[in-house]
Each structure stands twice: as structure tokens, then as C-alpha cells.
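Inside the fold
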Amino acid sequence: MKESQISVDFIEKEDAFTLKDAAGKYLYYWPLFLGVVLLSVVLGFLYMRYAPITYESVAKIKIIDDEKETNIASEALAKLEGSSTINLENEIEVLKSYRILSQVVRDLRLDIDYYQVGNVKTSQIWNPPFVLTKPIIEDSIRHSTTYSATIGEKQLTIANSEGREAIFSYDTNETAAAGFPFEVSLAEDIDIKNYLGLNYKIILQPIKEAVMQLNKSLHIRSANENSEILYLSIKGTSVDRSESILNSLIAKFDEDGILDRQLVSKRTLEVIDRRFAFLAGELDSIEIGKEDFKRTNSLSYIESDADNTLQRKSDTEDEVFKLENQISLSKILKETVINQVDYSLFPADIGLENSSLNGLVNNYNTLALEREKLLPNVGVNHPTLRALSEQLERGKVNIIKSVNVYQAQLRSSLRRLNQEKSIASAQFSGIPEKEKMLRAIERQQRIKENLYLLLLEKREEAAINLAATSPSIKVVDYALTSNERLSPNSIVVYPVAVMLGLLAPFLLLFVRFSLDTKVRERADISKLGPEVPIAAEIPRLKKGKRVFSGTTDRSVLAESFRILTTNVNYLMPENKADDAKVIYVTSSIKGEGKTMVALNLSLAYASLKKNVLLIGADFRNPQLHQYLHKKKPVKGLADYLTHRTLDWREFVQPGIGDNGYHKVCFSRTIPPNATELLSGKGFKKFIEQARKEFDYIILDTAPTVLVTDTFLISEQADMTLFLLRSGHTEKRLLEFTKELKKNNRLKNMAFVLNGVGQGKSRSYNYGYGYGYGSNEHTF
């Protein structure tokens, strides 16, 4: 049959590595797990009994928004969105700031820790019967220092870590000791007799270190995303200490917020006072500038000045229009007088506002009427008519002269009015610019006045805020401590103890299994050398039971070799089905049990009434004679190969017991030329002759890593059983066997795992022992 990568166990495929297999390795050590778990539970009980009890103290505060002027629209939008205008993260950082926490540390003297020392348990206390005080403000301590204190009947003894002691008597007022950085005083209202014989431990640490420890132990969180309430919590063994710390922190934070707002009010008043002086000067300067501007531009009230200028301009324009009309009318009258030749009447009352000129015209018209009345009754040369004509001529001349004089007066008045008109127009056109300049001055004046009034209002508000500053927080709950202790918690301690009790041996075994370089079980072979099938697993046997007993043997040993014979027949090449089968039993190194396996395999075949020849082919370290209780030297294969002319049957000995099917050929003593003997033709001749009389020929050959003997005779084998011993064979040697398989240096290889179990009968009984005397001869 062709070589296969499957491993045969009752002619079935090897099961993959399962969780059950992994768990089985660990479950074998259940006493270890049980013992460690019990030990962990006991340690957990002791921890519950003697560990310091820790409680959690919690306080709640609400941050008050101190913003006085809020945007109504944004505030309404924030309310609709359900968000707060206060940044709680900023407030948390202020609460945990070094500045605030250092004030708490100094106020409560947290740089000095007091512990009461018991026989087993040491507990932190808050109100000791004595108090240590540092005499200087600056932190002179650079490193944490531990002191021990003992209360006696008449004195208090304090010793440092170097053993130096300072004694403080209750009857004296001495509170300091040379070399000690503190002063000691008894607490008020205590009876020292209640504390006699008690021992205390005192730890002095730098302020900075105490602040850092407080910062680490302090936890602050918000109630929820939209809440303005903060939860302050701290864990400690002293309830009074934890509550005092939280309450002091709340007071310091509130005081800090009040001082900040008072400082803002003070700074606001200072700034406003400085601005008052500056604004007063600016207002005076603006008032003077406005006065000068009005005086220079002859302004009183810009609107009334503009109305007056406009009225004057309008009146001037009316006067100019009248004068121009009078000039036109006088011009008409003059032209009429000049162009008249028949002493006709002149137009009267044409609109001239000169009464003398109108009188001359009226006189002229009177004489002209008289002449017209006289002319029809007298001749042209009548003296009266001629006298009237002369008077009319003189009247014309007077009218013309009067018109000329009147026109000259009108033109002079017109020039004067035009000048006044230009002046009024110029003044009116300059009014917008003056108004603009005046309005700019008045605008600056109003700005400064409004700013002055605003600052005056803010000054009053700042003065009120300074006088009555509201708190920055509202205390929802002062520090409260639950009666339920936080740790040690039995609900946590005991399960953790059990888990650690399981985890510790598990990790120990895991490391042991991980660092194990030996082949232990079938899965190791399947993982590292899957190319080679596994023929069988041989259990580890007790001393004294190492040989197959016969057909009636029902031990695990017998069953394992019966399985091996079955699997060998299954793996044997098909073309060798009817011929004698030559089976090599070899290994990588010595001590893997190949001789024992070869012997018991031959006995297993002999029990099936098969003629079997067992040959000791390991010339380097022959061990076969020990199993058959033969003393060396015994004639064997080496003798035949040296004297090939002899009959090979002379070197074949009877096997174990009275089994006629079992024969043995020993190797004899160690020959000096083993390689030469095995590489010659004699060995091949011996095998060929033995094939004719035996059904199975089993050879115990030399280890393959140490010598080359097995490779020299590998051509004569039909099958090679390669022994691996559990707990003995290195895993790295499987790489060597893989190379042998790959290069076909050993024919039809199959692994046999020897020594399986190493006392772990749980992994072997199920495979071979169930119903077959599993309790016999196994570990």
C-alpha cells in the first residue's frame, strides 16, 4: 500500500488537536489546581481579616454661573438645546489644581500622616492623641521620613528610622527636640491613660508630595453631560480624614471663586477711576473746541442760523427783482419820451415807484391835454399854443433827466443787493459743512458723555459686587461616607482568589508546556511531522513487565502491540503481501526503546502463529540479549557476516518460551568493523535466505543520528518503524526524520510513539485500556 500522510489508529484518521486534548493536559494536575485554589482562598480570608478597610466619601456641589450680563438669545437657545453655559471641565481642573490642593494640605496638615500600629494590622487615624507641627512655613523636608511613637505614663517617646529617640515629658512645656524637624504637643481634651502602651507610626512628607498624592486620590466627575453638579469623591481608611479633606476642598474652592470675583471688582474700580479722570479732560477739551467753533463761525443754533440766512437771501432776491422791474419800466418811459414827436400823452402809473417822475409825467399829460384842447381853436403860431409847446418840450427834457437819475439810483441799489445776495448765498452754502463739523464735535461729546455715564453705572455695580460678593458654588451635599466598605470586598476578593488560584498553576503549566522541547504525545508528531504516519502508541510500562506474554496476555502492553501489528500490515506495501516482510525498528538516538519494541512486535506476530525472526542489527550497542537473559558472547549476525561460508541457520536461536514460531538472531559482541560488515553482500544474502523460511523478519537496527549503519542496509527493508519516546525525544529531531522521509533514505517510514503517558493513565486508558485490563501495568 502506498505511503499516506494519515496516522492510523484502528485504521482511522488522527483527530485534530481539540480543546478537550488541551484541557486534558491541565486536568491531570487537578490536585495542584485544588491545592493552589485552597491556598488562595485562605490568603483571601487573611486579607479580608487584616487588610485596611477602605471607604469612599462623596460630596456634591453645584457650580453657579457668575456671568452677570448674558445674551438673552444665546441663553434661550442654550436652554432649548438643554446645554449648560458652564464648562465643567475647567472647574474640575481648578478643583484639582496644585494651588487649591496645596491650601487644603497646609490647612489640614496632610503632609503628616498618623498610623496606629497593631500586632498585625496598621490603620491610619485622623485624630491622634498628640500633634506634630512644623516650626517653619517653608517646606524644609525634601524626602518622606518615618518616625515611631510610643505613649508612656509620663512621657511620649518618638524615634526616627535610625533609632535616635526624643523624649517629651507631659509635665514640661518642652515641645521641640534637637535634630527633629517638628514640635510635639498633646491633643486637647484627651485622657492620656486611654492611650498607654499604644504604638504609632508617623510619616512626614514634603508638601509637594502630599499634594500630588491628594491629586491622585481625588476623583471629580459631573452628574451627566448637561448637569452643573459635580461629584467629589475620595477613598481612604479614615472616614473623618476623607470627609475633612472634601469639606475643606469645597470651602477653599468657594473662597477662591469669591476672591477672584472680588479681585475683578477691585480691578474694575481702579480702571474706571482712571478712565474718569481721562474722560473728564476729554469732555472739557471738546466743550472748549465747540465754543471756539461757534464763536469763529458766528453760530448760535445751527437751524435758526440757517433759517435767517435763507430768509435774508430770499428778501434780497425779491429786492433785486423789484429793482430790475423799475429799471425796465424807466427804460420804457425814456424810450417813449424820446420817440414822441406830436406831444401826445405819456403812459401814466406804469409801475414806477418814483413819485417825482410820476408827477412830471402827470404835469406833462395835463399840458398835453390843454394843448390838444387849444389846437383846434387857434393856429399853430398862436402864442398860447407856442407857449404850451415850449412847456411840453421842457417837460420832456425834465422827464428824461429824471429817468436818467432814477436809473442811476436803481443800478446802484441793484449792485448793492447783488452783493448782499452773493454774501447770503455763500453763507447758506457753507452752513452744511459747518453743521457737519459741529455735529462731529457734538457726536464726540455725546460718545464721551455716554461712556462717562456707562462707566459711572459700572462703577456702582462693581462697588456693589465688591461689597456683597455671591458664592461661586452651592453645596448640594457635604462629604458623606457610606457604611458599606469599598475594600476589601468579599464579593470581589474570594472570586479573585479562586481565579488567581486557577490562573497561577495554569500559567506555570503553560510556561512548562511552552518551554517543553520533548515529544510528549501524538499531537506533537502530527504537528511537526505530518508527512510520516503514526503506526501506534506504546504506553509507558512498569519495570518487570516489558515483554509480550502470549495469546492470553490481555494487558495494555499486549493490546498496544496487537494494534501495532495490525497497523503495520495496513501500511505494508501491497506487492509484499505474500512474501516475508522485513521490518526495521530504529530511532534517532539511543534510549528510545527500539529493542523492546522490536522484541514485543516479533512476539505479537508469533502469537498469531507467524514465523518470525528477530535480528539484533545494532552492532554498536546491542541490548537484545538482555531481554532474553543471554550472556555475551552469543553467536549472531556479526559472526555470520564475518564467516559467510557458514550456514546462516547456525546463528539463529530459539525465542522466548516454548513458542516455536519465534526465533532470534543476536548481533554478538561489538565488532570493530560494523560499517564494513553491514555494507557487504553478506547481509543481503542473509536476509534473502531468511525470507524463504519466515513470514516476518524484524531487525533491531542502530540509531540513525549517531551512526550510518541503518542507512547501509535500508534497501533490504519493506517497512521502517521509527521510534520516538515520549519525554525523551527532542522535537527538533523530527526535522531530521522529515528529511529522511523526503529523501526516501528509509523505506516506508512510520512513527511509533513509545512511553506514552509518563504516568498519565488518563490519556492512555481510553485508547487501549477500556475493557482490557486498563489498570494493569500502567501509570
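Let me begin by describing the structure that accompanies this report. (Residues numbered from 1 in each chain as written. Predicted model: local features only at pLDDT ≥ 70, side-chain atom pairs only at ≥ 80, totals over all residues. Heavy atoms only, no water.)

Our next topic: the overall build of the chain. Counting its regular elements, the chain contains 21 helices and 20 strands. Classification of the 779 residues of the chain by burial places 40% in the buried group. Here the chain displays about 43,700 Å² of accessible surface, and carbon together with sulfur accounts for 53% of that area. (Helix = DSSP H or I, 4+ residues; strand = E, 2+ residues; numbered from the N terminus. Buried < 20%, exposed > 50% of the residue type's maximum accessible area, 1.4 Å probe, protein only. Areas by Shrake-Rupley, 256 points an atom, 1.4 Å probe, with all protein chains shown as cover.)

Further remarks concern the nonpolar core. Judged by nonpolar contacts, the single largest core of 36 residues is most densely connected at Phe 561, Leu 564, Ile 583, Ile 698 and Leu 721. No other element matches the 9 residues that helix H14 (residues 594-607) contributes to this core. Once you skip the residues sitting within four places of it in the chain, Ile 698 turns out to touch Ile 583, Val 585, Ala 598, Leu 601, Ser 602, Tyr 605, Val 612, Leu 613, Leu 614 and Ile 615. (Core = buried A, V, L, I, M, F, W, Y, C linked by side-chain atoms within 4.5 Å. Contact = heavy atoms within 4.5 Å.)

Residues Arg 644, Lys 681, Lys 684 and Lys 685 make up a contiguous surface patch of positive charge. For Arg 644, a relative accessible area of 43% puts it in the partly exposed group. (Patch = residues over 30% accessible without salt bridge, like charges linked within 9 Å, V, L, I, M, F, W, Y side chains within 5 Å. Salt bridge = Lys/Arg side-chain N within 4 Å of Asp/Glu carboxyl O. Lys, Arg positive; Asp, Glu negative; His and termini not counted. Charge placed at Lys NZ, Arg CZ, Asp CG, Glu CD.)

Further remarks concern the environment of Lys 331. You can see Lys 331 is positioned in helix H8 (residues 302-339). For the pair Lys 331 and Ile 400, spaced 69 residues apart in the sequence, the C-alpha separation amounts to 9.9 Å.

Pairing is antiparallel in the open sheet, where 4 strands are placed in the order E10-E11-E1-E12. Single-partner strands in this sheet number two, and they are strand E10 (218-222) and strand E12 (473-481). Neighbour-to-neighbour, the strand axes of the sheet open up by a mean angle of 15°, direction not taken into account. Along the sheet face, helix H6 (residues 207-217) touches E10 and strand E11 (229-236) and points at about 40° away from the line of E10. (Pairing = 2+ DSSP bridges. Axes fitted to C-alpha atoms, helices over the stretch in contact; angles between N-to-C directions.)

Further remarks concern helix H13 (residues 556-571). Helix length check: H13 (16 residues) gives 22 Å between terminal C-alpha atoms against 22 Å at 1.5 Å per residue, within 8%. With 12 of its 16 residues buried, H13 lies for the most part within the structure. (Expected span 1.5 Å × (residues − 1).)

A separate point is the sheet that holds strand E13 (residues 534-539). Sheet architecture is open: 8 strands sit in the order E13-E20-E19-E14-E18-E15-E17-E16, paired in mixed fashion. The open sheet is flanked by E13 and strand E16 (653-654), the only strands paired with a single partner. With 6 bridges joining them, strand E19 (residues 719-725) and strand E20 (residues 749-756) adopt parallel strand pairing. What sits directly across from Arg 725, in E20, is Asn 754. Its contacts with the sheet place helix H18 (residues 681-691) against strand E14 (581-587), strand E15 (612-616), strand E17 (662-665) and strand E18 (696-700), and it is angled at close to 145° to E18.

So, about unusual backbone geometry. Between Ser 487 and the following residue, Pro 488, the backbone shows a cis peptide bond with an omega angle of -5°. Mapped onto the fold, Pro 488 is located in the loop between E12 and helix H11 (490-515). Phi at Asn 748 is positive, roughly 45°, even though this residue is not glycine. Mapped onto the elements, Asn 748 comes out in the loop between helix H20 (733-743) and E20. Here Asn 748 falls in the buried class, since its relative accessible area comes to 8%.

The end-to-end C-alpha distance of H14 is 20 Å, a good match for the 20 Å that 14 residues give at a rise of 1.5 Å each. With 14 of its 14 residues buried, H14 lies for the most part within the structure. Where H14 ends, the next residue or the one after it, Lys 609, has phi of about 65°, a positive value.

The next subject is the environment of Lys 635. When you line up the elements, Lys 635 lands in the loop between helix H15 (624-627) and helix H16 (637-642). When its relative accessible area of 45% is taken as the criterion, Lys 635 is described as partly exposed. Expressed as a C-alpha distance, the spacing of Lys 635 and Phe 666, which sit 31 residues apart in the sequence, is 6.8 Å. Among all residues touching Lys 635, those that are not within four sequence positions of it are Glu 650, Phe 651, Gln 653, Phe 666 and Arg 668.

This part takes up the pairing of E15. Counting buried residues in E15 gives 5 out of 5 residues, a clear majority hidden from the surface. Neither face of E15 is left uncovered, since the one carrying Val 612, Leu 614 and Gly 616 and the one carrying Leu 613 and Ile 615 both have all their residues buried. Here E15 runs beside E17; their pairing, made up of 4 bridges, is parallel. Across the sheet, the residue bridging to Ile 615 is Cys 665, located in E17.

A cluster of acidic residues, Asp 315, Glu 317, Asp 318 and Glu 319, forms a negative patch at the surface. Note that Glu 317 resides in helix H8.

Contact pair helix H5 (residues 98-108) / H6: the axes reach a minimum separation of 9 Å and the direction vectors enclose 110°. One way to sum up the angle between H5 and H6 is to call them roughly perpendicular. Two secondary-structure elements touch here, H5 through Tyr 98, Leu 101, Ser 102, Val 104, Val 105 and Arg 106 and H6 through Ile 207, Lys 208, Ala 210, Val 211, Met 212, Leu 214 and Asn 215. When the residues that make up the contact of H5 with H6 are grouped by side-chain class, the tally is 9 nonpolar, 2 polar and 2 charged. (Parallel < 35°, antiparallel > 145°, perpendicular 65-115°, else oblique. Nonpolar A, V, L, I, M, F, W, Y, C, P; charged D, E, K, R; others polar.)

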